[in-house]
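Descriptive structure summary
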Amino acid sequence: MSGPNRYLPVLACALCAFLLPALLAATKTAYLLTQLTMSAYYVLASLGLCLLMGYAGQISLGQAGFFAIGGYASAFLSKANLSAFASGRIAGLLEHVGLLVRGADAYGNAILSISPWIAFICAVLLAAGIAALIGTPVLRLKGHYLAMATLGFGIIVERIVRGTKDLGSADGLSGVPSFPILPGLAVAGGKALRASNFTIAWLVLALGLLALVNLIGSRAGRALRALHDGEEAAGAMGVDTSRYKLNAFVIGAVYAAIAGALLTHYNGSIGPGEASFMKSVRYVAIVAVGGMANLSGTLVAGLFLNFLSLRGVFGRFDDAVFGTILVLVMLLAPSGKARGRAGSRPGLPVFRRRGDPGG
Amino acid sequence: MSILRISGLSRSFGGLRAVDGVDFDAEPNRITAVIGPNGAGKTTLFNLIAGSLRPDSGRVVFDGSDITGLEPHRVARRGISRTFQAIKLSKQMTALENVMLGRHVRSRAGFPSGMLAAPWTRTEERSIREEALRTIDLLGISEYRDRETGALPFGIQRSVELARALASEPKLLLLDEPASGLNVRETRALGELISLIRGKGISILVVEHDMSLVMDVSDEIVVLNFGRKIAQGKPRDIQANREVVDIYLGEEDA
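Turning our attention to the overall build of chain B. The secondary structure content of chain B amounts to 10 helices and 10 strands. The C-alpha atoms of chain B give a radius of gyration of 19 Å, which matches the 18 Å a tight globule of 254 residues would have. Projected onto its principal axes, the C-alpha coordinates of chain B cover approximately 60 × 40 × 35 Å.

Helix and strand content of chain A: 13 helices and 6 strands. Taken against the 2.2 N^0.38 rule, which gives 21 Å for 359 residues, the C-alpha radius of gyration of chain A at 21 Å falls within 12% of a compact globule. C-alpha extents for chain A along the principal axes are approximately 65 × 50 × 40 Å. For chain A, buried positions account for 52% of its 359 residues. Sequence separation of at least 24 residues holds for 77% of the intrachain contacts in chain A that already meet a minimum separation of 6.

All names here are of chain A. Between helix α11 (residues 277-289) and helix α12 (residues 295-310), the shortest axis-to-axis distance is 7 Å and the interhelical angle comes to 130°. Here α12 runs oblique to α11, going by the angle between their axes. Viewed along their axes, α11 and α12 form a crossing whose handedness is right-handed. Together, I286, V287 and V289 of α11 and T298, A301, G302 and L305 of α12 make up the contact between the two elements. Residue classes in the contact of α11 with α12 are distributed as 5 nonpolar, 2 polar and no charged.

All names here are of chain B. Sheet topology places strand β1 (residues 4-13) next to strand β2 (residues 16-26); 7 bridges connect them, and they run antiparallel. Bridge assignment links L4 to a residue of β2, and that residue is A26. Two successive antiparallel strands, β1 and β2, enclose a turn made up of 2 residues, where G14 displays a positive phi of approximately 60°.

Moving on: the interface of chain A and chain B. Counting residues at the interface gives 24 residues for chain A, matched by 34 residues for chain B. Secondary-structure elements contributing two or more residues to the side of chain A that touches chain B are α7 (194-216), α8 (219-229) and α9 (231-236) of chain A. In terms of residue count, the dominant contributor to the side of chain A that touches chain B is α8(A) (8 residues). Here the side of chain A that touches chain B is composed, by residue class, of 10 nonpolar, 7 polar and 7 charged.

Moving on: α11(A). All names here are of chain A. The end-to-end C-alpha distance of α11 is 18 Å, a good match for the 18 Å that 13 residues give at a rise of 1.5 Å each. Counting buried positions along α11 yields 11 of 13 residues, so the element is predominantly enclosed. By the burial criterion, the buried members of α11 are K279, S280, V281, R282, Y283, V284, A285, I286, V287, A288 and V289. Buried residues in α11 make contact with α2 (32-55), α3 (63-79), α6 (143-163), α12 and α13 (318-332). G291 sits one or two positions beyond α11 and adopts a positive phi of about 105°.

Now for the packing of α2(A) against α11(A). All names here are of chain A. Packing of α2 against α11 leaves a shortest axis separation of 9 Å and a crossing angle of 65°. Put simply, α2 runs roughly perpendicular to α11. Judged by the sense of rotation from one axis to the other, the crossing of α2 with α11 is right-handed. Residue-level contacts link A45, S46, L49, C50, M53 and G54 of α2 to Y283, V284, I286 and V287 of α11. For the contact of α2 with α11, the class distribution of residues is 8 nonpolar, 2 polar and no charged.

All names here are of chain B. Assigned domains of chain B: these are domain 1 (1-79 + 170-254) and domain 2 (90-169). Computed from C-alpha atoms alone, the centre-to-centre distance between domain 1 and domain 2 is 26 Å. Contacts between the two partners involve 10 residues from domain 1 and, on the opposite side, 9 residues from domain 2. Elements represented by at least two residues in the side of domain 1 that touches domain 2 include exactly α2 (72-78) and α7 (184-199).

Further remarks concern the sheet that holds strand β6 (residues 80-82) of chain B. All names here are of chain B. Pairing within the open sheet is mixed, and its 6 strands lie in the order β6-β7-β8-β3-β9-β10. A single partner strand is all that each edge strand has here, and the edge strands are β6 and β10 (228-233). Strand after strand, the sheet turns through a mean of 20° between neighbouring axes, direction not considered. The pairing of β6 with strand β7 (residues 172-176) spans 3 bridges and is parallel. In the strand pairing of β7, R82 is matched with L174. Here helix α1 (residues 42-50) sits on the sheet and contacts β3 (31-35), β6, β7, β8 (203-207) and β9 (220-225); the angle it forms with β7, its principal contact strand, is near 150°.

All names here are of chain A. Taken together, the 5 bridges between strand β1 (residues 100-104) and strand β2 (residues 110-114) define a ladder with antiparallel strand orientation. Within the sheet, the bridge partner assigned to R102 lies in β2 and is L112. With antiparallel pairing between neighbouring strands as the criterion, β1 and β2 make up a hairpin whose turn holds 5 residues, including G108 at a positive phi of roughly 85°.

What counts and how
- The residue count restarts for each chain, going from 1 along the sequence in the order it is written.
- Written order determines the labels here, with chains lettered from A and ligands numbered from 1.
- Per-residue local features of the predicted model are confined to residues with pLDDT of at least 70, and side-chain atom pairs are confined, for both listing and counting, to 80 or more; whole-chain, interface and lining totals are unaffected and use all residues.
- We count a stretch as a helix when DSSP gives it H or I for four or more residues in a row; a strand needs E for two or more, and each element gets its number in order from the N terminus.
- All radius of gyration figures rest on C-alpha atoms, and the globule criterion is 2.2 Å times the number of residues raised to 0.38.
- The exposure scheme places C-beta atoms from the backbone and then counts, for each residue, the other C-beta atoms within 10 Å of its own, assigning buried at 20 or more, exposed at 12 or fewer, and partly exposed in between.
- Here contacts are defined at the residue level, using C-beta atoms placed from the backbone and a cut-off of 7 Å between them.
- Axis lines are fitted to C-alpha atoms, over the contacting stretch for helices. Their N-to-C directions set the angle, which ranges from 0 to 180 degrees.
- What sets the label is the angle itself: under 35 degrees gives roughly parallel, over 145 gives roughly antiparallel, 65 to 115 gives roughly perpendicular, and the rest give oblique.
- Two helices that cross are described as forming a left-handed crossing if the nearer one is turned anticlockwise from the farther one by less than a right angle, and a right-handed crossing if clockwise.
- Three classes are used, and their members are as follows: Ala, Val, Leu, Ile, Met, Phe, Trp, Tyr, Cys and Pro are nonpolar, Asp, Glu, Lys and Arg are charged, and the others, Gly among them, are polar.
- At least two bridges found by DSSP between two strands is the condition for calling them paired.
- What a helix should span is 1.5 Å times the count of its residues minus one.
- Residue ranges labeled as domains rest on an automatic or database domain assignment.

Written as structure tokens, this is what we have:
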């Protein structure tokens, strides 16, 4: 992972963001853009996990929980009807500065709601806050225990969203308003917005990847990789290992929450399935098959597998496919060692057995 | 003034008093060796100083300030760097990257500036690299710098670990059995290296089993047995000390 080469995947994503819509339109396959847009958001969540699990060596089976927190919080806040307070002076002031916006609900009734920008930012901050809160005790655990604890967290999030009436219970939230990012550019569904949303998603993905590529090559990234191999030695070299692990955990959660929120505005809905254990397994499987400490591997594996899954290629065996992939990776290349030197090679790993106890 | 003052330091594991009321001073710019038979409490003492273990009682004063019970990374920031008896390198990182990690306490780019690749971090990263290369050069392991450390010969791994510790420009260097696993020639080279490091104004505390190395390089020797200090003095005095010869040196002759 050195030299300007490491920025190639970032560049590739950014180029695809602009070129693919035209290319697919030319080949009359523009309908694929929808799944490619959704894939980009799912991959963003996997990239966050790649930092935590691949580089810092801390497994999390709760990534879907943070994805759902981002999606649900942004959906709930941007849908909330504050009309009851509309006459108040504070509401007027907030509306004046753009924090509240007027719109109409599905039945055409006028409503006053929180600006999607504010909803989005609050959602991401909420996920970051929750990650910081639970990360402090949970990251003292290692290996299987950490896996169990994060698994528990993911299940708690799923049960909460499933059991909360205001979050739509088993149906989830729908009718989530579009998210106008710039004048004339909104994260939203609909055929007319398909190409522009693909570009937004892939640019967000490219930016997210860029930040992580930068981080991995920096002083903090070196410290994370070092604590992966041995916390005692990293600590003896002055690395505050608890703090670094927590930072990686929070960054992973923020990536998931951004992805969850944007995908929810894009789809116009979110359901409790996004918080499910099998979704978390999916994120882990993608990082594992990408070669663990390998951002480009995660990128390629994630885009490929999510796209196939969203196209329905795996049919009813969708979850089984990801479960199988995870089992195979754990059997054949448990620590992603099959990758090239220091994660320099992009792409899928060539499976090769290595006597390594770590997982 | 001493660079390190250990007073009344104790630590038990269950009923075993691994370190039992140990006192000694390490003088600045000197090589102080801690010796003793297996199980004498040498490594425990080391871990108490480096912060890997908390003492039950007693104090560790470094460079005039109390560092008793500080976490390892805080001890490191005060200017104490260490190596491990069982080498602890990042196996998936190159030798150079491992040594660059040694510059952690001497640099400050955090997560936000790392993610944004802030321009000033590039300057800092360059200086981290240059310092690491200089240290690698000093230890004569330049040819291995781009190799992953897991694949390097044992002796080279020891040198990489030493380079990593040195790269932090410590005031005090803790060496935990640096000669273990080295052959006679490598041990002699290590002795020269340790003297060279002292010549740079770094104080050294070394826990060691290899008597030839200890007698060659040490300025002062502290002898532990069953967690207690039983003797302290110049190598000459220790070699002449009846009790030490009986319990420790004699044991090796047997």
